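Spelled out, the chains give:
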Amino acid sequence: MKNKEKIGVFICHCGTNIAGKIDIKNLIQKNSGKENLFFFDYPYFCSEPGQTFIKEKINQLNLTRIVIAACSPSLHEKTFQKVAQEAGINPYLISCANIREQCSWVTLDKEKATEKAEKIIFSHINRVIYQEPLFVKEVEIIPRVLIIGGGIAGIEAALQIARSGKEVYLVEKEPSIGGHMAKLDKTFPTLDCASCILTPKMVEVRENKNVKLFTYSEVEEVSGFVGNFKVKIRKKARSVNLLKCTGCGICIEKCPVKVDSEFDMGLSKRKAIYIPFPQAVPQVPVIDRENCLWFTNNKCGVCKKICPFSAIDYNMEDEIVVEKFGAIIVATGFSLFNPETIYQYGYKRFPNIFTSLEIERLLSPTGPTSGEIILKDGKIPQEVAIIHCVGSRDENYQPYCSSICCLYSLKFAYLIKEKTKAKIYNFYIDLRLTRKGGEDFYNRVLEEGIEFIRGKPSQIKMQKDGKLLIECEDTLLGKIRKISVDMVILSTAICPEKSTPFLARILGLSLSQDGFFQEKHPKLAPVSTMVEGIYIAGCCQGPKDIPESVAQAGLAAAEVISLIDRKKIEISPIVAEINEDYCSGCGICIELCPYNALEYNSQKIKAKLTPEKCFGCGICVSACFAGALSLKNYREQEILAQIEGIL
Amino acid sequence: MEKIVDKIKICIQCGICSSSCPLNFAMDIPMRKLIGLIKAGYTKEVLKSRTFWLCLSCYFCKVRCPKKIDLTHIMYNLHEICLKQNILPENKITLQIYKAFIKVVNIFGRNFEPLMFFLSLYKFPKKFLRFLPLGIFFLKRKRIHLLPYKIKDSENLKKILKEAESIEI
Amino acid sequence: MKYTYYPGCSLKSTEIGYEDSLKSSCEVLGIELKEVLDWNCCGATIFPKLSYKSYLLLSTRNLALAEIYGEDLVTACNGCLNALNRANFYLQDNKNVLEKINGVLEKVGLNYHGKIKVRHFLEVIVKDVGEKSIKEKIKKGIHGIKVVSYYGCLYSRPFSSEDPQNPYYLETLLKILGAEIIDFPSKTNCCGGILTISEENCLKLIKDILEEAQKSKADCIVTICPLCHINLQLYQKRIKIFMPIVYFTQLLGYSLGIEISKLGKDIFSLKGLLK
């Protein structure tokens, strides 16, 4: 072997995991005496005495490279890298040979296992000669956070981070923060008034000096990497000056245009200049330029004339704000499934069929009926049906379970019974009531005499007397039941929010099969993503209720606070490298990179790598025809040497 | 039967199939329960039931099933299995019509109404007499003819139909 | 526009009037129909119940014969549409079965490569001919006639490109012809099909459809399948609800200026409807 390196080979017994199958003594005996190669073995190298042993040998023999033949590097590579570093060797001059998961655990015959282990060990001995010392890069973290989405998750995260003294930009695309929670009447299972618990938080957001609120704004472009994201935010023109307006509301009173209110789910009207709901933050109206007579026809103009504070500005234009952030939290929430696509449920074809958010508005004291549950003709319903799983758990629409519908369906049953004394039927397939207090709530609801029918209704028909006929098989009784009711509530599915694909593209995030943002690990890293520095919280990660959204927001906030407090983070040096001489600018690698670490440099007509974003997966390296890309520590020299060692 | 069980493993017993079926009021075992019984292995009970003989192939169940199970196909399979095991349905007329149709198509390659009518209902005088005026009406208006039409390749058709059972799907 | 035409057993016998109106309309619209050579019965919904393999052979023979001409295969009967499509998709998804079926078909000199598309004549008229061309050729409108469109179950399920419970091509066509469309929620309900002869329970299905059409105050029910047509007509005396049942091609042909005698005068006289 032509090498000047002194290589220490440490073969771990791993108890009997390795030693029980591989004849380590024989292996060492066979290969001792080779120049510059030193073999050692020990029961558990990962233990403290084991690590001390390695350090001692390094110092005694002035070893320059290390091969650890033991378990999978995914378990202990970092451990041994630390050991090497403490003993004075660059941590990237070690190589972990896996002779457990890839050898002793999967080979039955002892002789063959020993043979294979020898080959693996020598392949690593060969490669470690070519390895280069590598150094971690330190990146500074800008102490400013961007939160996209001003619903309960976004608000909670903003408050936690702001309270720790860091600057937060909260960007919300609607004219007010509050999200879907502001539309709710009462929340299960405690039946707290949603606005009563939400509005104090919304006010705190407004008052906290560390939170810069950007409502009626959207994120347009994102570039950069963890600690250094550059973001372009578009502040859409509100047409009302935020500093001059006092929220008196005269302009709204006098506006002649009426449009379907989005906040009331189309059940009532708002004006062209409007504040979405009474507790909105900021308490400043916005002009809907698509429906305002001034902007469409150059007529009217009453609001401007009548404003006592001259706050209306028709000439206001969208403003672009560019800022740098250390971390981003995405909390864009969900959108509700549209049951119009399910023809047989008659939504929008027959009257008195409502979705969950529509009923929330009807139940709400600030809603279109001031909290009265009444039919289109003004009468109080005598019989109400609530259908679970509309659009959920259905391969024809959304295959997943929307998690919260069973609980809110029970809530509706309870509240509507309270308000109207109607006979209520809940049509379900399975009841998923896992929230704390869920079973208690179920008992409460059963005691109110609400009938639960296990069966998914096939269709809703309109009867001649105006009532709605529901056909369903009561699967527990095995009978087909036809029940006529006055009102039907469809517990509709939670779908990914409409801007999700766009945000995924500009942030470099992946989406799971259901269309929600993909978390790094469903159990242990539910708010992190594959992009370091970008976190997700709330329903944008998957359907969940308010306590879970708040918990996720808190976790995301904690991760961000910890990130910023560290002031710097280390970036692994195992990244790709471009040899520009070979790069032809074909762009294949750019398309393939799952972390968006490669960009097109149009001036040089070559690919450009942002090493801080690179995760060292190697996809680009294998795809490059020209061989311009290589992966540090896994370059051709190292890999070919490894192969030679086996042959 | 095993092939059917394989397809219905994913059934969550929601009941939308029974509820959507136009003839559910005439079935002795609801569709959903039938699927459940097959899953649980109660084959005899399943094959003796009237349910799948009432299947109209309207496909409401398949299109509405949240797990996209092809229920209509399963209903077809159950018919076949029943006949192979010689379990005959309650409604003898239905089976007789089916058998008559198959005979006629085998001979002529296409449907031939007069023979079809005769072979289906000759054992059931009430029904025969009820439909006879209609048959005469069609004859008079020349919408059906007493002379059958045989397709040119009818011998070859008979040949390949004989080989049907030898194919393994 | 050229298409391969599969009539099905009904259109050549009791519903020959339907075929007359279909062929006359095609002439005016410039559609060339080439009948599948020596086609056999598709097997409908009866053969699959008693021997799925025989059914596959029957339908594949037709598909193989249609493939010889190469154009899209067009039919005007829902039952045939379903039978041929079911076999077609099954064979396209299970190439090993197609091989085995071809193994038998080859003995009589036929082979199916899976290249044919099967469509309903209604879809061809609305999609391929299109509103503009139809409007150009309309000579007489059918304004003032209140119609209710009845698709039957097999048109839009399970293989249609339209919403399986809410197809709209027939309404589109009737609107182009000038009729007044009345909403009909039972438009894809089953008429009972072949089972109606032996199963008295099917009469309830026909009763529901006729009742709803009557309540909606329509002048007639427009059908697109010979089986639906017969079922809705035959039992009116027993159910005691009387409603004119018309084929869509009859209304289409009339609008295109074709004489009533060529529009299946025997199946239903349009004269009574068009007063």
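Residues numbered from 1 in each chain as written. Chains lettered and ligands numbered in written order. Predicted model: local features only at pLDDT ≥ 70, side-chain atom pairs only at ≥ 80, totals over all residues.

Scanning chain B from terminus to terminus reveals ten helices and zero strands. Ordered by position in the sequence, the α and β elements of chain B form the string α-α-α-α-α-α-α-α-α-α. Seen through its C-alpha atoms, chain B measures out along the principal axes to roughly 55 × 35 × 30 Å. The buried share of chain B, taken over its 169 residues, is 40%. (Helix = DSSP H or I, 4+ residues; strand = E, 2+ residues; numbered from the N terminus. Buried ≥ 20, exposed ≤ 12 C-beta atoms within 10 Å, placed from the backbone.)

A few words on the domain arrangement of chain A. Residue and element names in this part refer to chain A. The domain architecture assigned to chain A consists of domain 1 (7-130), domain 2 (147-235 + 319-331 + 508-565), domain 3 (250-306), domain 4 (335-495) and domain 5 (573-631). Tallying the contact residues gives twelve residues for domain 2 and 20 residues for domain 4. Across the side of domain 2 that touches domain 4, the residue classes break down as five nonpolar, one polar and six charged. (Domains from an automatic or database assignment. Contact = placed C-beta atoms within 7 Å. Nonpolar A, V, L, I, M, F, W, Y, C, P; charged D, E, K, R; others polar.)

At the interface, 41 residues of chain C touch 44 residues of chain B. Where the side of chain C that touches chain B is concerned, the elements lending two or more residues are helix H3 (47-50), helix H4 (52-69) and helix H6 (95-105) of chain C. In terms of residue count, H6 of chain C provides more of the side of chain C that touches chain B than any other element does, five residues in total. Its residues placed into classes, the side of chain C that touches chain B shows 22 nonpolar, eleven polar and eight charged.

Take the nonpolar core next. All names here are of chain A. Core analysis: the biggest nonpolar cluster contains 263 residues, and Ile-147, Ala-157, Ala-158, Leu-170 and Ile-329 have the highest contact counts within it. With near-sequence residues (within four places) excluded, Ala-158 lies in contact with Ile-147, Val-168, Leu-170, Val-205 and Val-211. Grouped together as the second largest cluster of nonpolar side chains are 40 residues, Ile-24, Leu-27, Ile-68 and Ala-70 included. (Core = buried A, V, L, I, M, F, W, Y, C linked by C-beta atoms within 7 Å.)

We now examine the domain arrangement of chain B. For chain B, the assigned domains read domain 1 (2-84) and domain 2 (92-166). Just the C-alpha atoms count here: the centres of domain 1 of chain B and domain 2 of chain B sit 29 Å apart.

What follows is about the sheet that holds strand S2 (residues 32-35) of chain C. Residue and element names in this part refer to chain C. The strand order S2-S1-S3-S4 describes an open sheet built from four strands, whose pairing is parallel. Sheet topology places S2 and strand S4 (118-120) at the edges, where each strand pairs with a single neighbour. When strand polarity is set aside, the average angle formed by the axes of neighbouring strands in this sheet is 40 degrees. Summarising the sheet, strand S1 (residues 2-6) and strand S3 (residues 73-75) pair through three bridges and their orientation is parallel. (Pairing = 2+ DSSP bridges. Axes fitted to C-alpha atoms, helices over the stretch in contact; angles between N-to-C directions.)

What follows deals with helix H8 (residues 113-121) of chain B. Because the α-helix completes a turn every 3.6 residues, residues three or four places apart line up on one side. All names here are of chain B. Listed in full, the buried residues belonging to H8 are Glu-113, Phe-117, Ser-120 and Leu-121. All buried residues of H8 fall inside an arc of 75 degrees around its axis, so they share one side. Residues of H8 that are buried sit in contact with helix H7 (92-108) and helix H9 (125-140). (Arc of directions from axis to C-beta.)

Another point: the packing of helix H7 (residues 121-137) of chain C against helix H8 (residues 169-177) of chain C. Residue and element names in this part refer to chain C. Two elements in contact, H7 and H8, have axes separated by 10 Å at closest approach and are oriented at 25 degrees. Considered as vectors, H7 and H8 are oriented roughly parallel to each other. Both H7 and H8 take part in a crossing whose hand is left-handed. Of the residues in H8, those touching H7 at Leu-122, Glu-123, Ile-125, Val-126, Glu-131, Ile-134 and Lys-135 are Tyr-169, Leu-170, Thr-172, Leu-173 and Ile-176. Taken together, the residues of the contact of H7 with H8 break down into eight nonpolar, one polar and three charged. (Parallel < 35°, antiparallel > 145°, perpendicular 65-115°, else oblique. Left-handed = near helix turned anticlockwise from the far one by under 90°.)

Further remarks concern H9 of chain B. All names here are of chain B. The terminal C-alpha atoms of H9 lie 22 Å apart, and with 16 residues this matches the ideal 22 Å at 1.5 Å per residue to within 8%. The sharpest bend along H9 reaches about 35 degrees and sits at Phe-131, with the proline Pro-133 one to four residues further on. Two residues or fewer past H9, Lys-142 is found with a positive phi of approximately 60 degrees. (Expected span 1.5 Å × (residues − 1). Bend = angle between axes of the 7 residues up to and from the residue.)

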